[in-house]
Amino acid sequence: MSEAVRVAPKKERPEFRNIHVTELMNYRQPLAAIVSILHRISGVLIFALLPFVLYLLQESLRSEISFAHYQGFITYPLVKLFILALVWAIMHHMFAGVRHLVMDLHVGLDKDSARKSSAAVLALSLTLTVLVALKLFGVF
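Please read these numbers as outputs of a predicted model, since none were measured by experiment.

## Quick word on a nonpolar patch on the surface
Thought 1: Among the surface-exposed residues, Leu128, Val130, Leu131, Leu134, Val139 and Phe140 lie close enough to one another that they form a single nonpolar patch of about 520 Å² accessible area.
Thought 2: Considering the arrangement of structural elements, one finds Leu131 in helix α5 (residues 111–136).

Put into C-alpha cells, the structure is as follows:
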C-alpha cells in the first residue's frame, strides 16, 4: 500500500440524527405536511371525543327532561368551544381525507397541485368552522 493512501485524511461524514420533539418548531414544514399532521390530529380528536358525543346523544334521547337538560348544558361557552373543536376536526378530517383519496388516484401529486389542494383543505375547513362558530355563538 502506498504512503499516500495511508496518510490521506478522511473526509468528515455528515451526521444525520433523529429529530427530537422539542426541535420540531425549528423546521419549516411545507403546507402539505402541516395538513397531513393536522389530519392525524383531527382523527385522534374525533376518536377520543366519540364516546362523549355518543353518551350525550344517548342521554338526550332518553326523555324530554334529559333533552332539556342537555340543551341547557350546550349553552355554556366552554362546551361550545369543545363542540367547535369537534366540528373543526370533522371538517378538516373529511376534506383532508378526500384530498388523500384523490392523491391515491395519482391526481395532484406534483408540488404545485399538492400545495394548492392543501391550501384548499385549510381554507374550506376553517371557513366552515367559522360559519358554524358564528351560528353557535348566536351571530345569525
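## Examining unusual backbone geometry
Thought 1: The phi dihedral of His106 is positive, around 65°, even though this residue is not glycine.
Thought 2: Taking relative accessible area as the criterion, His106 reaches 64% and is therefore assigned exposed.

## Description of the packing of helix α2 (residues 31–60) against α5
Thought 1: It is the contact of α2 with α5, at a shortest axis distance of 8 Å, that shows an interaxial angle of 45°. Overall, the two elements α2 and α5 adopt an arrangement that is oblique. Viewed along their axes, α2 and α5 form a crossing whose handedness is left-handed. Along the contact surface, α2 presents Leu31, Ala32, Val35 and Leu38, while α5 presents Ala114, Arg115, Ser118, Ala119, Val121 and Leu122.
Thought 2: Across the contact of α2 with α5, the residue classes tally to eight nonpolar, one polar and one charged.

Calculation notes
- Residues numbered from 1 in each chain as written.
- Predicted model: local features only at pLDDT ≥ 70, side-chain atom pairs only at ≥ 80, totals over all residues.
- Heavy atoms only, no water.
- Patch = residues over 30% accessible without salt bridge, like charges linked within 9 Å, V, L, I, M, F, W, Y side chains within 5 Å.
- Areas by Shrake-Rupley, 256 points an atom, 1.4 Å probe, with all protein chains shown as cover.
- Salt bridge = Lys/Arg side-chain N within 4 Å of Asp/Glu carboxyl O.
- Helix = DSSP H or I, 4+ residues; strand = E, 2+ residues; numbered from the N terminus.
- Buried < 20%, exposed > 50% of the residue type's maximum accessible area, 1.4 Å probe, protein only.
- Axes fitted to C-alpha atoms, helices over the stretch in contact; angles between N-to-C directions.
- Parallel < 35°, antiparallel > 145°, perpendicular 65-115°, else oblique.
- Left-handed = near helix turned anticlockwise from the far one by under 90°.
- Contact = heavy atoms within 4.5 Å.
- Nonpolar A, V, L, I, M, F, W, Y, C, P; charged D, E, K, R; others polar.

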